[in-house]
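Architecture and fold: a report
Spelled out from the first residue to the last, the chains are:
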Amino acid sequence: MGSEVIELDVNGTKVPLVFESDNRLPIVSMQIVFQNGGSISNTKLAGLARAVSKMYGEGTATLGSKAFAQKLDAKAIHISASTGGETFVFELSCLKEHMQEGVQALASLIKDPNLSEDALSQVKTVTLGEIQRKSTDFDYIAGKTLKELMFKNTVLALPTIGTQESITKLTLADINNFIEEHIVSSRAIVVMGGDLSQEEATLSVQTILASVKVGKMSELPYFNVNKKVQEEIVRKKTEQAYVYFGSPFNMKTGDAEYYKSRVAIFILGSSGFGSRLMEEIRVKKGLAYSAYGRVTVNQTSSYFSGYLQTKLESQNEAQKSVNEVIHTFVDKGVTQEELDQAKRFLLGSEPLRVETLSQRLGRTFMDYYKGAPLNNSQLELDKIETLDLKDLNAFIKKHKEILDLTYAIVTQ
């Protein structure tokens, strides 16, 4: 058992298929991933990619949203469209016995979406309501402000949901132009698995993508974090402070030392209880319920970020503690005990990361998407197992850029 990548010919275009057959349950799942179609493509209008995904939630032009939804519900077929930072995704899941109906329904949705003024009005109304509600979500405000500071004057600084202004201005022409450029077979990667054969999967892909134009693939842009250390205070009627922080992290996808960053950041902030940030800020000082830090390494950006919530009167002390913890981490590194604990968790929890079909398919997809070997996860674990303290601490000391912390704080 294991996922593999098969290259398909769809209307003269090579489309990769990440596939795994698994007949333990009579279910089928599929994702069609269009590269460079996520929020990274919102260069002309904030929230455009997400709005397009919501338009696909309005059913087909022939049936409309209600009749299309009823048709799917009758067979327990799930179809959805969503966006990530870099990708636009259609998802299909159903019982094996209803696979053909599911495939035909998704093909109809992609070929004949309900791009009407009524559907657009519905999407805009719902989205504007969501934006309004987020105006009182202080975690959202702090996170959005941090991105605006770290990626100033770039598309990454724009809220993925959009703004009141951008969503109000949205037109059907914007929706159609996005689809013409991004929902094209030259950008497609298909992920499919379950109780079906490779031949059935191939036929399904060709059926769904038959009406999709070839289009053009485009290079993903890369955005560096603003190197200027900044701090922005947002005043709200709140009973606690929301402290978000971030800094550059000098690493790109495919870096041979990425496995070291997994171990280092696990110890610093991503492991929950036991991490440096949690131990120092919550356990020892009682300044926050939780404190978290992680590294994001994408094809379009790479950065360190974290957050905590604290009492208003503890805000300055909590911020000072974050600085101290990260400075000590970079300056003195980690202990052998911390490294051993990190290894035990990362290696011991590996079976839980590949126990389901969707997990295995997702992992193979990410390895393929990032240009890594399909067994890259196992290769990384092998390297983690033999990682010694000297090498890890040398790696940590080398990444002094994470000390250049920018803060976005929502407070009273």
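Residues numbered from 1 in each chain as written. Predicted model: local features only at pLDDT ≥ 70, side-chain atom pairs only at ≥ 80, totals over all residues. Heavy atoms only, no water.

Attention now goes to the overall build of the protein chain. Each helix and strand in the protein chain was counted, giving 16 helices and 11 strands. The globule rule puts the C-alpha radius of gyration for 412 residues at 22 Å, and the 23 Å found for the protein chain is close to it. Projected onto its principal axes, the C-alpha coordinates of the protein chain cover approximately 60 × 50 × 35 Å. When each of the 412 residues of the protein chain is scored for burial, the buried share is 50%. In the protein chain, the share of contacts with a sequence separation of at least 24, taken over all contacts with a separation of at least 6, comes to 80%. Of the roughly 19600 Å² of accessible surface on the protein chain, 49% is carried by carbon and sulfur atoms. Averaging the locations of the 47 positively and 50 negatively charged side chains of the protein chain gives two centres separated by 5 Å. (Helix = DSSP H or I, 4+ residues; strand = E, 2+ residues; numbered from the N terminus. Rg over C-alpha atoms; globule rule 2.2 N^0.38 Å. Buried < 20%, exposed > 50% of the residue type's maximum accessible area, 1.4 Å probe, protein only. Contact = heavy atoms within 4.5 Å. Areas by Shrake-Rupley, 256 points an atom, 1.4 Å probe, with all protein chains shown as cover. Lys, Arg positive; Asp, Glu negative; His and termini not counted. Charge placed at Lys NZ, Arg CZ, Asp CG, Glu CD.)

What follows deals with empty space enclosed by the protein. Inspection of every chain in the model, using the stated rule, returns one cavity of 30 Å³ or more. Space inside the largest cavity adds up to approximately 60 Å³. Lining the largest cavity are F249, S261, A264, I265, F329, V330, F395, I396, H399 and I402. Among the elements of the structure, α9 (258–270), α11 (315–332) and α16 (389–398) are those that each provide at least two residues to the lining of the largest cavity. A total of three residues in the lining of the largest cavity trace back to one element, the largest contributor, which is α9. (1 Å grid on protein atoms, 1.4 Å probe; cavity = no way out; pocket = protein on both sides within 12 Å on 5 of 7 lines; lining within 4 Å. Points joined across faces, edges and corners; volume = space filled by probe spheres on them.)

Our next topic: the environment of L106. Mapped onto the elements, L106 comes out in helix α3 (residues 99–111). A C-alpha to C-alpha distance of 27 Å links L106 and E130, two positions 24 residues apart in sequence. Leave out the neighbours within four places in its chain, and L106 touches M30, I32, I79, F90, L92 and I208.

Moving on, we come to the pattern of salt bridges. A side chain with one charge may pair with a side chain of the opposite charge, provided their charged atoms come close. Under the criterion given, the structure shown has 15 salt bridges. The salt bridge involving E257 is made with K260; its shortest N-O contact spans 2.9 Å. Look at K260 and you get buried, because its relative accessible area is 10%. Connected through shared salt-bridge partners, E20, D22, R24 and R360 make up one network. (Salt bridge = Lys/Arg side-chain N within 4 Å of Asp/Glu carboxyl O.)

A few words now on the environment of P16. When you line up the elements, P16 lands in strand β2 (residues 13–21). Taking the C-alpha atoms as reference points, P16 and F365, 349 residues apart in sequence, are found 9.8 Å from one another. In this structure P16 touches V5, I6, A188, I189, V190 and Y368, once residues within four positions along its chain are discounted.

Let us now look at helix α10 (residues 276–284). Taken together, the buried positions of α10 are occupied by R276, L277, M278 and I281. Tucked inside the fold, the buried residues of α10 contact β8 (240–248), α9, β9 (291–297), β10 (302–311), α11 and α12 (336–348). Looking one or two residues beyond α10, the residue adopting positive phi is G286, at roughly 60°.

So, to be careful, I would describe these as geometric facts and stop short of saying anything about function.
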